[in-house]
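Breakdown of the fold
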Amino acid sequence: MQQLEFKDLVPALAPASLALLARQNFSKATPVQAATIPLLSNNKDVAVDACTGSGKTLAFVLPLVEILNKLETPLKRLQVGAIIISPTRELSKQINDVAYPFLEEVCGIVPKLLVGGTDPLQDVHRLRKEGAQVLIGTPGRIHDIMERTKDLELKSLEVLILDEADRLLSMGFSKYVPPLAGSLAAGLRVVGGQKLRAASICNWMFASGTLCQFALVALHDCCLPVVHVCGFSLCR
Ligand SMILES: Nc1ncnc2c1ncn2[C@@H]1O[C@H](COP(=O)(O)OP(=O)(O)OP(=O)(O)O)[C@@H](O)[C@H]1O
């Protein structure tokens, strides 16, 4: 199967993103990236079901950067534009490492990594001092910081990524999502997952009133993307 080059994706990625991809020696999008980036960049709600190593991280990081970069009004210091939640500290750190250069270079935003194992008060201090436009972390710490930092503004939230959503759910994470999803502005909402149990996730999303319809990108053999367009948009 012919692979799409990043420069040929529609809508086009920011020149600064393309330059950074080239410096990292990434020229062609993986199948999950080719299928997912255009949907997310067009503000569709998407569930991704693809195997490990298929390139899901850039599949959500690149459109997230596009959306924040195209905001008409830049985010203020304590306005949260995007949250990426993943089940473990290690995964959150890996996502932060991938997202950091794109966010910094394209949007001038330094993401904040929020994970357990450190003093939460230091995180609160850091966010107030340095800003909190993009949060990347584990569910418990992000929830804790939200509780402690009532001056964080969530009404400008454009993007919510739930990485490995099935694991998040099995960890009892579901109670944290509806308040966050309820804060989303008129922008993008995403459910990402590794072995996403689409039916169980979606049943829960429907039951919690969070998800109405979505696009499901399924790559079971990491090679042939199947995009099931189940409809779009969360209940809002
Ligand atoms: N377009 C690309 N071209 C070449 N390599 C890529 C591309 N996109 C991602 N990679 C590399 O592929 C590897 C796997 O990517 P990534 O970690 O995003 O996969 P994943 O689907 O999120 O896997 P996991 O579920 O294990 O986290 C990484 O080393 C990443 O740098």
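- The name given to the chain in an unreviewed UniProt entry is ATP-dependent RNA helicase, and the organism recorded there is Cymbomonas tetramitiformis.
- What the UniProt record of the chain gives under Function (unreviewed entry) is the line "RNA helicase."
- Listed in UniProt under the heading Catalytic activity (unreviewed entry), the comment for the chain reads: "ATP + H2O = ADP + phosphate + H(+)".

1. Examining the environment of Ile84
- With respect to the secondary-structure elements, Ile84 resides in strand 2 (residues 82–85).
- Its relative accessible area of 1% is what places Ile84 among the buried residues.
- Between the C-alpha atoms of Ile84 and Ile136, which are 52 residues apart in sequence, the distance is 4.7 Å.
- The residues touching Ile84, leaving out its near neighbours within four places in the chain, are Phe60, Leu64, Ile95, Leu135, Ile136, Gly137, Ile142 and Ile161.

2. What about the site of the ligand?
- Every one of the 14 residues lining the ligand counts as a neighbour, but Lys28, Gln33, Thr52, Gly53 and Thr57 are closest to it.
- For the ligand, an oxygen atom lies 2.8 Å from a polar atom in the side chain of Thr57.
- Burial of the ligand by the surrounding chains reaches 64%, relative to a free accessible area of 640 Å².
- Taken together, the residues of the shell around the ligand break down into four nonpolar, eight polar and two charged.

3. Digging into helix 1 (residues 15–23)
- Those residues of helix 1 that fall on the buried side of the exposure criterion are Ser17, Leu20 and Leu21. Projection of helix 1 onto a plane perpendicular to its axis shows the buried side chains occupying an angular sector of 100°, all on one side. The exposed residues of helix 1 that point more than 90 degrees off its buried face are Pro15 and Arg23.
- Next to the buried residues of helix 1 lie helix 3 (56–69) and helix 4 (89–107).
- Of the residues trailing helix 1, Asn25 is marked for its positive phi of about 65°.

4. Remarks on the nonpolar core
- Judged by nonpolar contacts, the single largest core of 35 residues is most densely connected at Phe6, Leu62, Leu64, Leu68 and Phe102.
- Elements represented by at least two residues in this core include exactly helix 1, helix 2 (31–41), strand 1 (46–50), helix 3, strand 2, helix 4, strand 4 (134–137) and strand 5 (159–162).
- If one sorts the elements of this core by residue count, helix 3 sits on top with eight residues.
- Leaving out residues up to four positions away in the same chain, Leu68 has contacts with Leu75, Gly81, Ala82, Leu103, Cys107, Ile109 and Val134.
- Ranked by size, the runner-up nonpolar core spans 19 residues in total, among them Val80, Leu127, Ala132 and Leu152.

Conventions and cut-offs
- Residues numbered from 1 in each chain as written.
- Predicted model: local features only at pLDDT ≥ 70, side-chain atom pairs only at ≥ 80, totals over all residues.
- Heavy atoms only, no water.
- UniProt positions renumbered as here; feature names shortened; annotations may be inferred.
- Helix = DSSP H or I, 4+ residues; strand = E, 2+ residues; numbered from the N terminus.
- Buried < 20%, exposed > 50% of the residue type's maximum accessible area, 1.4 Å probe, protein only.
- Contact = heavy atoms within 4.5 Å.
- Near = heavy atom within 4 Å.
- Polar contact = N/O pair within 3.5 Å; in protein donor to acceptor, adjacent residues only side chain to side chain.
- Areas by Shrake-Rupley, 256 points an atom, 1.4 Å probe, with all protein chains shown as cover.
- Nonpolar A, V, L, I, M, F, W, Y, C, P; charged D, E, K, R; others polar.
- Arc of directions from axis to C-beta.
- Core = buried A, V, L, I, M, F, W, Y, C linked by side-chain atoms within 4.5 Å.

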